[in-house]
Each structure stands twice: as C-alpha cells, then as structure tokens.
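# A closer look at the structure
Take a look at the letters that make up each chain.
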Amino acid sequence: LEQFEDIGDLRNWVSGSKRSGKTVVFVPTMGALHEGHSACVRTGRAVMDSALVVSIYVNPTQFAPGEDLDRYPRSPDRDLALCRQWGVDAVFTPRQRDIYPENRPGPVWVAVENLTDPMCGAGRPGHFRGVATVVTKLFNIVSPDVAVFGQKDAQQALVIREVVKQLFLPVELRLAPINREPDGLARSSRNRYLNEEQRRVAVSLYSSLRHALDFVRSGERDPEKVTAAVAAELAAGDGVAVEYVELRNAGDLSALETVEGKAILAVAATVGTTRLIDNVVFRVDKNESVEETLLF
Ligand code: PAF
C-alpha cells in the first residue's frame, strides 16, 4: 500500500500507473472507514486492471457552523489497516494547507444551484458548496478515470454528477449501493456516536422507508401521504427528531405531484444528537410495478 501526503508525489504515482496501462479509480472519503466504504472500494475493484486510490481528508468547508467538524471520528491507523485489507493500492491524505492555501487573494468555490436547495442543502448551509469544491480539487489532483461514491449520500452524488457534467471533468462516476447493518441501518461513520438505545431506535429510518415502499406498492401515489406516513413512523421513536422526509424526482430532485417514474424517498433525522440520513430510489413503471434501483 502506497501512502502519499504530497500532491506532487501522488501525481507522479498516478502518471506512472496510467503509463503502465492502468485505469485509475478513485474513492474519496473522510476516513473513519467502515463497510460502506468497503462497498465503494469493491465497486471500484470491479474495474479491470485498475490502480485504486482512496483519499482520506476531513473537509472543513462542508461542515456548517456548529456541526461536528471537531468531533468527527478519526481513526487513521485503523483506516490504513482496512485499506490494506481491502486491496487499495494508494492512500492519499492531503495536507490542509495544500487543499485550502491561505496565501491566496481569495478562495475559489464550486457551487451547484437549485439541486442543493432542498433536502440536506436546506438544513446544512454551505455543505454542498464545500463538497463540490473539495471533490473538484481532489479530481484535479488525482485525475482519476473512474470515481466511486455511495448512494447513501444521494444528493451529494447528484451534485457531483452535475459538477462533472457542467465543468467537463473527464471522469466516469459509479455508485455503490447503500451498505446496511444486519437490521437495516445504513452504515455511516456517524453511527459510532449512537449509544445502545439510540442505535436500537435508529433502525426506524430504514424500516419507515421500507413501509413507505410497501405503501407505494399497494398503490398510493400521493407523495404527501407517503412522506407523512414516514414522518409519523419516525416521530414515534424515542429521541428521534425528523429534519425532512422528501419524495422527489431522482434525476433532478424536483418536486413530484404524483409518484411516478424514477423517484427518491429520502429522510434525515436526528437520533439523540446524531444526524442520520437514508434513502430508497425506485422506479414506478408503466404497468405500475415498483422496483428499487440505483440513483444512476
Ligand atoms: O462523502 C464523503 O465522505 C465526503 O462528502 C467526500 C465526498 C469525501 C468529500 O469530502
């Protein structure tokens, strides 16, 4: 396993890999690695003859004021051990001062409008501008042929897709399906904040989405009825505060008048003091069958 802190060293390694005919695959992360990241690495590994780079960088600009930047879980030694175990070829841990230099006249931002207004964008001001900016920087440093993101952060994946498309970035995006604990809780670095009781209650994010999908399967097509059912089920849990429940078009996150086509049902809720998100993406086809699917 190669390890790079220096941008120039990482770039030399990437150039060498490309020269020897490898496809460079990139999985950006903020560390505190878990099985969800391993699913992204597996999706990346499916690319034949690849050199796989994982970046580990807790990006300060995607945390809104008052969020958990200072206590975001960090486990550098364990992360390296996991990368080794998962067959990652190189780990890139850039320095803060290289990613956000202070000796410049002013910062450069990448911002995606409209798509970032609803859902997590509404509750986390500046979050997606931070994500879009750091991912653009990382793409320009790593120059990957393929990059993998997880479907759990669905809005993030759509934002990155738009950045890639509209800034003509030469990278192919792939998505890894949501990786879940045996009881259905979506894996997340923030799950480790939950105590035993909160952990038990947290599964309601997933179970409420499953029940909503059954509701749609049984013929319900009013988005408000579906989201209200999810919100009610979530709110019934001890210590659960619902931030949003949204059922939207899965391509552009526009509002739906009726449940049709490819849709995303997404939730954010705080369990105790831990903010969790989850979603299901499904397609209602012409004969009204409802199939779960990937975002793209
Ligand atoms: O999904 C994440 O872990 C982060 O948002 C990302 C994409 C690594 C950017 O900091």
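See the structure shown above.
Residues numbered from 1 in each chain as written. Predicted model: local features only at pLDDT ≥ 70, side-chain atom pairs only at ≥ 80, totals over all residues. Heavy atoms only, no water.

## What to know about the packing of helix H6 (residues 127-142) against helix H7 (residues 154-166)
The geometry of a pair of packed helices is captured by two quantities: the angle between their axes and the separation between those axes. Following both chains from N to C, one finds H6 and H7 inclined at 50°, their axes separated by 10 Å at the closest point. The angle between the axes of H6 and H7 places the two elements in the oblique class. In the crossing of H6 with H7, the sense of the turn from one axis to the other is right-handed. For the pair formed by H6 and H7, the contact residues are Phe128, Val131, Ala132, Val135, Thr136 and Phe139 on the first element and Gln155, Gln156, Val159, Ile160, Val163 and Val164 on the second. Taken together, the residues that form the contact of H6 with H7 break down as nine nonpolar, three polar and no charged. (Axes fitted to C-alpha atoms, helices over the stretch in contact; angles between N-to-C directions. Helix = DSSP H or I, 4+ residues; strand = E, 2+ residues; numbered from the N terminus. Parallel < 35°, antiparallel > 145°, perpendicular 65-115°, else oblique. Left-handed = near helix turned anticlockwise from the far one by under 90°. Contact = heavy atoms within 4.5 Å. Nonpolar A, V, L, I, M, F, W, Y, C, P; charged D, E, K, R; others polar.)

## Overview of the pairing of strand S8 (residues 261-271)
The element S8 is extensively covered by neighbouring structure, given that eight of its 11 residues are classed as buried. As defined by bridge partners, S8 adjoins strand S9 (residues 274-284) across 11 bridges and the pair is classed as antiparallel. Along S9, the bridge assignment pairs valine 271 with threonine 274. Linkage of S8 to S9, two consecutive antiparallel strands, is achieved through a turn of two residues, within which glycine 272 is found at a positive phi near 65°. (Buried < 20%, exposed > 50% of the residue type's maximum accessible area, 1.4 Å probe, protein only. Pairing = 2+ DSSP bridges.)

## Details of the site of the ligand
Neighbouring residues of the ligand: Pro28, Thr29, Met30, Asn59, Gln62, Val134, Val135, Phe149, Asp153 and Gln156. Separating an oxygen atom of the ligand from a side-chain N or O atom of glutamine 62 is a distance of 2.6 Å. Within the side chain of glutamine 156, a nitrogen or oxygen atom sits 2.7 Å from an oxygen atom of the ligand. When isolated, the ligand has an accessible area of 290 Å², and the protein chains bury 89% of it. Here the residues of the shell around the ligand are counted per class, giving five nonpolar, four polar and one charged. (Near = heavy atom within 4 Å. Polar contact = N/O pair within 3.5 Å; in protein donor to acceptor, adjacent residues only side chain to side chain. Areas by Shrake-Rupley, 256 points an atom, 1.4 Å probe, with all protein chains shown as cover.)

## Here we look at helix H3 (residues 76-85)
Restricting attention to buried positions, one finds in H3 the residues Asp79, Leu80, Leu82 and Cys83. Taken around the axis of H3, the buried residues stretch over an arc of 165°, which confines them to a single face. Along H3, the residues that are exposed and aim more than 90 degrees away from the buried face are Asp77 and Gln85. Just past H3, the residue glycine 87 takes up positive phi, approximately 80°. (Arc of directions from axis to C-beta.)

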